[in-house]
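# Close look at the chain arrangement
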Amino acid sequence: MSAVLRAEKARLQVGALPLRFSEDGSAEILLVTTRTTKRWTIPKGWPIKGLKAHEAAAREAQEEAGVVGKVRKRPVGKYLYWKRMADDAILCRVKVFQLTVEKRLEDWPERDERRQQWFKLGDAADLVGEAGLGALLRSLKVS
């Protein structure tokens, strides 16, 4: 099957790009580890019925990383990756929405299941386990 056909059949996910900005304007991204393989990634998941894509991405950031903030309604990009399942892998297309972090929560649903850490964008691009996400992070112009 060609890459184009596979991409058309990819299952949609939504992801949050949790950012904070220092006084000099430089951005840092909050990465989380996956629950099973412990690879670095962004908070992401399946669309949530009743929520718009950007709202679902913000919910994932709150559940997986314990952050809330202002989420943009338009995606900053998208990427493809293979999601590892128990006995298979499925191709997913992730729409990524920028979330400017305004608050870190004391407690959140997946606090004990994932590590999280702030990184400079360039460092994060080198650390993430998905090549498409790394390429997206390298190409970002955030503000």
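Since the structure is predicted, the reported quantities are computational estimates derived from the model, not experimental observations. (Residues numbered from 1 in each chain as written. Predicted model: local features only at pLDDT ≥ 70, side-chain atom pairs only at ≥ 80, totals over all residues. Heavy atoms only, no water.)

### Considerations on the overall build of the protein
Just so we agree on the cut-off: We count a stretch as a helix when DSSP gives it H or I for four or more residues in a row; a strand needs E for two or more, and each element gets its number in order from the N terminus. For a compact globule the rule gives 2.2 Å times the number of residues to the power 0.38, and the radius of gyration it is set against comes from C-alpha atoms. Using a 1.4 Å probe on the protein chains alone, a residue whose accessible area is under 20% of its type maximum counts as buried, one over 50% counts as exposed, and one in between counts as partly exposed. Whether two residues are in contact is decided by their heavy atoms: any pair within 4.5 Å suffices. All accessibility values rest on the Shrake-Rupley procedure with a 1.4 Å probe; residue burial counts only the protein chains present in the view.
A count of helical and extended segments in the protein gives four helices and eight strands. Over its C-alpha atoms the protein spans a radius of gyration of 15 Å, differing by no more than 12% from the 15 Å that the globule rule assigns to 143 residues. Taking the principal axes of its C-alpha atoms as reference, the protein extends roughly 50 × 30 × 30 Å. Burial status across the protein gives 41% buried among its 143 residues. Of the contacts made within the protein by residues no fewer than 6 positions apart, 69% connect residues no fewer than 24 positions apart. Accessible surface for the protein amounts to roughly 8,400 Å². Of this, 49% is attributable to carbon and sulfur atoms.

### Let's talk about the pairing of strand E2 (residues 27-33)
Operational definition: Two strands pair if DSSP finds at least two bridges between them.
With six of seven residues buried, E2 is to be regarded as a mostly interior element. Two strands pair when backbone bridges link them, and strand E1 (residues 11-21) and E2 are joined in this way by three bridges, in the antiparallel orientation. If you follow Arg 20 over to E2, its bridge partner there is Glu 28. The hairpin turn running from E1 into E2, its antiparallel successor, is five residues long, and Gly 25 in that turn takes a positive phi close to 90°. As paired elements, E2 and strand E8 (residues 116-120) share five bridges and run antiparallel to each other. Bridge pairing in E8 places Glu 28 opposite Lys 120. Relative to strand E3 (residues 40-41), E2 runs antiparallel, the two being bridged by two bridges. In the sheet register, Thr 33 faces E3, and the bridge partner there is Trp 40.

### Considering the environment of Val 128
Position of Val 128 among the secondary structure elements: in the loop between helix H3 (121-127) and helix H4 (131-139). In this structure, the C-alpha to C-alpha distance between Val 128 and Thr 33, residues 95 residues apart in sequence, is 9.1 Å. If we skip the residues at most four places from it in the chain, Val 128 touches Leu 31, Trp 40, Thr 41, Leu 133, Gly 134 and Leu 137.

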